[in-house]
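Coordinate inspection notes
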Amino acid sequence: MSSTKRTPPGKALSDLILDLFRLNSRISAAGDRLVANLGLTSARWQVLGAIVAAAHPQPVAWLARDLGANRQNVQRIVNDLESEGLVAFRVNPHHRRAQLVVLADKGRAAYDAAMRLQAPWINNLADGLSVEDINTMHGVITALRKKLEGNDDAEEQS
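The present account deals with the structure reproduced in this document. Bear in mind that the values here come from a model prediction, so they are computed numbers and not experimental data.

Some details on the overall build of the protein chain
Of the regular secondary structure elements, the protein chain holds six helices and three strands. When its helices and strands are written in sequence order, the protein chain yields α-α-β-α-α-β-β-α-α. Based on the C-alpha atoms only, the size of the protein chain along its principal axes is roughly 55 × 45 × 25 Å. Sorting the 158 residues of the protein chain into buried and exposed places 23% on the buried side. Put simply, of all contacts in the protein chain between residues at least 6 apart along the chain, 47% involve residues at least 24 apart. Of the accessible surface of the protein chain, which amounts to about 11,400 Å², a share of 54% is contributed by carbon and sulfur atoms.

Dropping the structure here:
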């Protein structure tokens, strides 16, 4: 079999990934519209969410890892958030140069306001979808992400 010919599962996955790219673009655009009046973008909202979700203050590199994002992009967003008073930097006792990122009161207020807007939006988006189907898709996406993360680890070691 030629290496350029996809197997049936390979073709189905390729089609799914193309649709996921399109969906990601639509989700980002919808998120931008949802939080625009709060002075946020989807990317800023996502970084605020990572800060909120962390068990304790983290440096930018750890936030980027948790988001599966590029550290430099997250650094740029965190710098913008800091300049607007949404986050602050704190001394990291474990690393002199990698400051910890903490949520400021203004950032907490913006994040909470975004989440109040998100609840009815996501409920409407989920309308007509079964929890079983959503959980199945979540499982497939999680399995693919773990495979790709494993490939990233192997590539870094070689």
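Notes on helix α5 (residues 105–126)
With 22 residues, α5 extends 31 Å between its outermost C-alpha atoms, agreeing within 8% with the 32 Å of an ideal straight helix rising 1.5 Å per residue. In α5, a bend of some 30° at Q118 exceeds every other bend along the element, and P120, a proline, comes one to four places later. Among the residues making up α5, those that are buried are G107, A110, Y111, A113, A114 and Q118. For α5, the elements touching its buried residues are α1 (8–35), α2 (42–53) and β3 (100–103). After α5 finishes, the residue G128 shows a positive phi value of roughly 90°.

What to know about the side chain of T142
With respect to the helices and strands, T142 occurs in helix α6 (residues 131–157). A polar contact is formed between the side chain of T142 and the backbone oxygen of H138, at a distance of 2.8 Å.

Things to note about the pattern of salt bridges
Scanning the model with the defined rule gives eight salt bridges in all. Across the pair D66 and R65 runs a salt bridge whose closest N-O atoms are separated by 3.0 Å. The salt bridge partner of R108 is D112, with a shortest N-O separation of 3.3 Å. One end of the pair is R108 and the other is D112, both in helix α5 and four residues apart, which spans about a single turn.

Definitions and limits used
- Residues numbered from 1 in each chain as written.
- Predicted model: local features only at pLDDT ≥ 70, side-chain atom pairs only at ≥ 80, totals over all residues.
- Heavy atoms only, no water.
- Helix = DSSP H or I, 4+ residues; strand = E, 2+ residues; numbered from the N terminus.
- Buried < 20%, exposed > 50% of the residue type's maximum accessible area, 1.4 Å probe, protein only.
- Contact = heavy atoms within 4.5 Å.
- Areas by Shrake-Rupley, 256 points an atom, 1.4 Å probe, with all protein chains shown as cover.
- Expected span 1.5 Å × (residues − 1).
- Bend = angle between axes of the 7 residues up to and from the residue.
- Polar contact = N/O pair within 3.5 Å; in protein donor to acceptor, adjacent residues only side chain to side chain.
- Salt bridge = Lys/Arg side-chain N within 4 Å of Asp/Glu carboxyl O.

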